[in-house]
Every structure is written in structure tokens, then in C-alpha cells.
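Structural features, examined
In case you want the letters, here they are:
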Amino acid sequence: MYIYIREQSVRRELQNSKMKLFIYLLILCEVPLLLSANHDYRDALSKSILFFESQRSGFLPQDQRITWRGNSGLGDGSSRGLDLTGGYYDAGDNVKFGFPMAFTTTMLAWSVIEFSDSMPSDEVRNALVAIRWATDYLLKTVSQSNRIFVQVGDPISDHNCWERPEDMDTARTVYSVDAPNPASDVAGETAAAFAAASMAFRSSDPGYSETLLRNAIRVFDMADTYRGAYSDNSDIRDGVCPFYCDFDGYQDELLWGAAWLRRASQNDSYLNYIQVNGKTLGADDNINEFGWDNKHAGINVLVSKEFLEGSVYSLQSYKASADSFMCTLIPDSSSSHIEYTPGGLIYKPGGSNLQHATTISFLLLAYANYLERSSHAVNCGSISVGPTSLRQQAKKQVDYILGDNPKGLSYMVGYGNYYPQRIHHRGSSIPSIKDHPQFIACKEGSVYFNSSGPNPNILIGAIVGGPGEDDSYDDDRADFRKSEPTTYINAPFVGVLAYFVANPNPS
């Protein structure tokens with residue numbers, strides 16, 4: 001009997017132990033989610049802006065905060081007798097692509113315009129510095145009449161090397177488009193960048209603001225007069241494609257540029273342009289995308305501001321398209337058709353998926369502001385969606401990126417304790433020129449690319465391409481679609497994070 005009772009007691013203890021172990025493991029599995037429930041949006045904002053200093057090309061200033069970087073690309077433009085130094089490398093390589101750089105600049109400027117009231121003052125300053133590093137370069141690209149320099153660096157030779165920007169000895173080919181050959185897309189986006197940046201600098205540097213607006217008007221005129229896609233020009237196509245071809249047409253950039261010129265100048269000619277050309281330039285296409293190549297959803301949100309807050313009722317079609325886009329993002333809406341991963345991340349196929357999550361989150365928050373200030377809501381069939389719902393949708397994306405996901409992984413490098421270590425980035429993955437001053441040639445960097453170890457230089461604030469449609473992420477340097485950061489993933493996230501610094505729990 002004693003043996004039986006003791007056996008029963010042991011079994012109960014064992015069952016209790018198993019239950020305790022099960023509960024412990026369950027809690028342990030949830031730890032990343034629990035720990036990240038209250039994010040430090042201020043820290044994330046600071047790091048998201050700091051990232052741009054890692055991407056700088058040219059002669060670095062004394063107040064450069066990313067100290068493992070050095071000067072690079074100091075001869076850019078010299079083959080054409082020009083100074084095309086400065087600007088940003090778009091991602092993990094050493095090429096300066098004008099199309100995505102201009103979009104990056106527009107989104108950084110829009111972040112300041114829309115959300116600077118939520119930013120700490122030092123981060124407003126840092127954001128303006130990041131914008132100016134781009135606009136100073138972009139002004140150089142349009143310094144000659146009826147010519148725009150769209151790219152510096154031969155991408156084929158660059159991509160065949162794994163080399164620090166400081167050691168770069170690949171061809172720094174300069175690609176340009178001369179009128180009457182068209183470059184409506186790059187010129188239109190550059191005009192948008194100048195116009196938006198002119199608003200961002202209006203109070204702190206009115207002279208520079210005026211310079212930007214004046215150039216925006218001039219460059220937009222070139223974009224509109226000589227219509228067509230820059231990548232259709234045979235003499236530059238092999239350099240810009242397939243990397244940053246204009247896949248979706250140039251028409252959206254014309255509307256985008258005009259919309260920003262209208263907002264920056266308040267000139268009625270641009271309002272008339274948006275009204276008259278909307279249909280012929282595809283404003284009614286209602287394409288539910290927003291990024292470096294496709295501006296449609298962004299145009300609709302941007303233009304809707306004047307309808308909602310300025311009562312310009314002739315722009316009602318843009319507001320209707322913006323409403324339609326918002327409804328596609330609401331899971332309970334009958335028109336919802338945006339794909340989400342099981343963990344809740346917006347997903348679109350094609351790689352670098354987090355670019356969609358950051359741009360769409362920005363549009364959700366901007367549109368929520370416009371709706372709130374005008375006391376409007378969005379009618380999504382059987383449900384009415386207000387500003388709070390849109391902000392909560394954006395917060396889910398932000399928190400997923402910062403660690404509230406099935407892997408408990410922050411997709412922003414340097415944020416939190418668990419983030420990607422092997423990102424696809426030349427400068428980050430090769431020992432710094434400060435630690436290893438000896439020249440590392442083109443193929444000599446391959447050993448670092450193939451290394452299974454973590455990158456020696458932490459690319460603070462970089463947001464990588466992100467997980468797959470099943471929330472999977474392997475932290476593999478070779479998988480550039482998931483592990484490569486880009487400037488245009490980060491740029492809209494600056495504004496998004498600024499909002500949540502001041503409003504961590506929208507309700």
C-alpha cells in the first residue's frame with residue numbers, strides 16, 4: 001500500500017512538475033512579445049534617422065556620428081568634369097541611384113512636415129540634416145539646363161564586388177538624360193523632393209527653402225514637357241535596369257510632383273494641373289501601392305488633404321480613391337484584400353517587403369490626421385472607419401517591425417537585444433577602415449560576405465527587407481531580399497515613429 005501511495009504521490013509531483021515546466025516554457029515563448037509590448041519609440045526614432053549617416057557618400061563632416069564610416073566617392077562626376085559627390089547609397093551596395101534617392105528625400109521631408117510636432121527638437125534637427133544631405137546632392141544633379149544626372153556608379157561592376165565604399169575602385173559611370181529625351185519619373189520625383197523639402201526648411205532656413213522651391217518648379221517643367229520614362233532611353237537602360245527601372249510608368253510621378261508643388265507653393269496652376277490631368281495620368285486607376293516606383297496611393301492621400309481641410313470639392317475623386325485604399329487595409333472591411341502574414345504583417349511579394357509596411361503605415365497615420373482635423377470618417381461598406389482605427393492598424397505594423405512578431409525579432413538593427421546580425425551590406429560586413437586601414441580589393445571582400453559570423457559594424461537603425469509571407473527570417477547575408485536595408489524603407493518610418501513618440505497608445 002505504501003508503495004502504491006508513494007507511486008501516486010510521485011506521479012502527482014511529476015505531473016505538477018510537467019505542468020510547471022509547460023507553463024514556464026509557454027511564458028518563455030511569449031517573453032519577446034511581453035517585453036516588446038511597450039516600445040521605446042523615442043529610441044527607435046533616433047536610430048531610424050541615424051541610419052542615414054551610415055549611407056552617406058562623399059566627404060563626411062566632423063560631426064559624423066557613425067564613426068566606422070569614412071570618406072568615399074570623392075571623384076564622383078569627375079569623368080564629366082562635374083562635382084557629383086554626396087548623396088546616399090541606396091542600400092547595401094555603393095551605387096547612387098537617383099530615382100529611389102529622390103523618393104527617400106520626399107518621404108523624409110513629408111515626415112518632418114507631417115509629424116515634426118511629435119519629434120523631440122534634436123531629432124527634428126537630425127532629420128533636416130538627413131534631408132539636406134540628399135537635397136544638396138540632388139541640386140547638383142539638375143545644375144545643367146534640360147539635363148538630369150540620374151545615377152552614379154556602374155551597378156554591374158559594383159555588384160560583382162564585395163567592397164567597402166571607402167575602397168571602391170569600380171567604375172563610377174555617370175548616367176544622365178538630356179532633353180528632349182524623357183525622364184519624367186526621376187525628374188518628377190526630384191521636383192517632389194525639392195518641393196517637400198522646401199516646406200521642411202521654410203522656418204529654419206528660408207533662403208534654402210526658396211532655392212529648393214525654385215528648382216522644383218524648373219525640374220517639374222522639364223518632366224512635364226518631355227514626357228516618358230527614363231529607363232526607356234537606350235543609352236542608360238542597361239545601367240538603371242533591372243535595379244530601378246520605371247516598371248509602373250511615369251504618369252504617377254507627374255501627378256505626385258504637381259501635388260507637392262501645389263502644397264508647397266499654393267499656386268493655383270498646380271491645382272488646375274491635378275484637376276485637368278488626373279484622368280489622363282491615371283489618377284482614377286486606384287492602384288493600391290505606394291513606394292519608390294508607384295506613387296498612386298500616396299498621391300490620393302496627399303491631395304485629399306486639400307479636399308478634407310480646404311474644402312476643394314473638385315478633388316473629391318482623389319478622396320474617394322484614398323478612402324478605397326484605406327478600406328483595403330481594414331480586415332473587417334468587405335473590400336479588404338491586402339495580404340497579411342500569420343503574424344499580422346502587411347505582405348506583398350517581390351522582396352524587401354518592409355518597404356510596404358513602412359510606407360503604408362505612414363499613409364494610415366497621415367490620412368488619420370486629415371480625417372480627424374476635418375471630422376470625417378471612411379465608409380467601408382457596412383462599417384465606418386475613423387482615425388483611431390487607422391492609427392491602430394499602423395501601430396500593429398510598427399510593433400511587428402520592432403519585435404512583436406512570431407520570432408520576437410526586431411527588424412531594426414540595433415533596436416532591442418535581438419535583431420539581425422548578418423545583414424546584406426558591404427560596409428557593415430567588412431572590417432571598418434578605422435580598424436583595418438589596409439585596402440580590401442573587390443574579391444578580397446568575399447571572405448566577409450561568406451562568413452557565418454555577425455557583421456563587425458552595427459548598422460544602427462537599419463530596417464532590413466524583412467520576413468517572408470510565413471513570418472520566416474533566417475538572418476542570412478546572401479538572402480538580400482530579406483536581409484538588405486534600404487533608405488526608402490527607413491524614410492517613411494521616421495514620420496511613423498515620430499507620431500508614436502507622442503502617441504504611444506492611440507485610442
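It should be noted that the structure appears before, not after, this text.
My aim in this report is to walk through the structure given alongside it, one point at a time. Along each chain, residue indices are assigned from 1 in the same order as the chain's sequence is written. Reporting in this predicted model follows two pLDDT cut-offs: at least 70 for local features of residues, and 80 or more for side-chain atom pairs to be given and counted; totals over whole chains, interfaces and linings ignore these cut-offs and use all residues. To obtain the side-chain values, all non-hydrogen atoms of the structure were used and water was disregarded.

A short note on the packing of helix α14 (residues 387-402) against helix α18 (residues 487-502)
Where α14 meets α18, the axes come as close as 11 Å, and the angle between the chain directions of the two elements is 110 degrees. The orientation of α14 with respect to α18, classified from their angle, is roughly perpendicular. Of α18, the residues touching α14 (which contributes R391, A394, K395, V398, I401 and L402) are F493, V496, L497, Y499 and F500. For the contact of α14 with α18, a count of residues per class yields 9 nonpolar, no polar and 2 charged. Angular values range over 0 to 180 degrees, each being the angle between N-to-C directions of two axes fitted as lines to C-alpha atoms, with helices fitted over their stretch in contact. Under the scheme used here, helices are H or I runs from DSSP no shorter than 4 residues and strands are E runs no shorter than 2 residues, and both carry numbers assigned from the N terminus. Small angles under 35 degrees read as roughly parallel and large ones over 145 as roughly antiparallel, with 65 to 115 read as roughly perpendicular and the rest as oblique. Any two residues having at least one pair of non-hydrogen atoms within 4.5 Å are treated as being in contact. Gly is put with the polar residues, along with every residue not named as nonpolar or charged; the nonpolar set is Ala, Val, Leu, Ile, Met, Phe, Trp, Tyr, Cys and Pro, and the charged set is Asp, Glu, Lys and Arg.

Some points on the state of the cysteines
By convention in this document, the label disulfide applies to cysteine sulfur atom pairs within 2.5 Å. Tallied over the entire structure, the rule returns 3 disulfides. With a sulfur-sulfur separation of 2.0 Å, C161 is cross-linked through a disulfide to C442. When the S-S torsion is -95 degrees, as for the bridge of C161 with C442, the disulfide is left-handed. Placement of C161 in the loop between α5 (155-159) and β3 (174-178) and of C442 in the loop between α15 (426-429) and α16 (446-449) is noted, with a sequence separation of 281 residues between them. When its relative accessible area of 7% is taken as the criterion, C161 is described as buried. In this model C241 forms its disulfide with C245; the gap between the sulfur atoms is 1.7 Å. The sign of the S-S torsion, about 125 degrees, decides the handedness of the disulfide formed by C241 and C245: right-handed. Remark: exposure states derive from per-residue accessible area (1.4 Å probe, protein chains only) relative to the maximum for the residue type, with buried under 20%, exposed over 50%, and partly exposed in between. For C245, a relative accessible area of 5% translates into the label buried. If you count the bonded cysteines of the protein chain from the N-terminus, they pair up as 1-6, 2-3, 4-5.

Brief notes about the pattern of salt bridges
Should a side-chain nitrogen of Lys or Arg be within 4 Å of a carboxyl oxygen of Asp or Glu, the pair is scored as a salt bridge. Here the structure, examined in full by the defined rule, presents 27 salt bridges. Note that R125 is salt-bridged to D63, the shortest N-O span being 3.7 Å. Separated by 62 residues along the polypeptide, R125 in helix α4 (residues 121-141) and D63 in the loop between α2 (41-54) and β1 (96-97) bring together distant segments of the chain. In this structure R125 comes out as partly exposed when scored by relative accessible area, which is 46%. Residue R132 pairs with D205 through a salt bridge whose shortest N-O separation is 3.0 Å. With R132 in helix α4 and D205 in the loop between α6 (184-200) and α7 (206-225), this residue pair connects regions lying 73 residues apart in the sequence. The network of salt bridges with shared partners includes E114, R263, K305, E309 and R373.

Section: the layout of surface pockets
A cavity here means a set of 1 Å grid points, computed over protein atoms only, where a 1.4 Å probe fits but cannot escape. A pocket is an open set with protein on both sides within 12 Å along at least 5 of 7 lines, and lining residues have an atom within 4 Å of a point. Grid points are joined across faces, edges and corners, and a volume is the space filled by probe spheres set on the points. When its volume is computed, the largest pocket comes out at roughly 980 Å³. Surrounding the largest pocket, 35 residues form its lining, F243, Y244, S352, F480 and Y488 being those nearest its centre. Going through the elements one at a time, α13 (354-373), α16 and α17 (480-483) are the ones with two or more residues in the lining of the largest pocket. The residue makeup of the lining of the largest pocket, split by class, is 14 nonpolar, 12 polar and 9 charged.

Remarks on helix α10 (residues 268-277)
Taken together, the buried positions of α10 are Y270, L271, Y273, I274 and N277. Looking straight down α10, one finds that the buried residues subtend no more than 160 degrees of arc, so they occupy a single side. Residues of α10 that are exposed and point over 90 degrees away from its buried face: D268 and V276. Tucked inside the fold, the buried residues of α10 contact α7, α9 (251-265), α11 (296-310) and α12 (316-329). The arc refers to the directions leading from the helix axis to the C-beta atoms.

None of this, on its own, says anything about what the molecule does.
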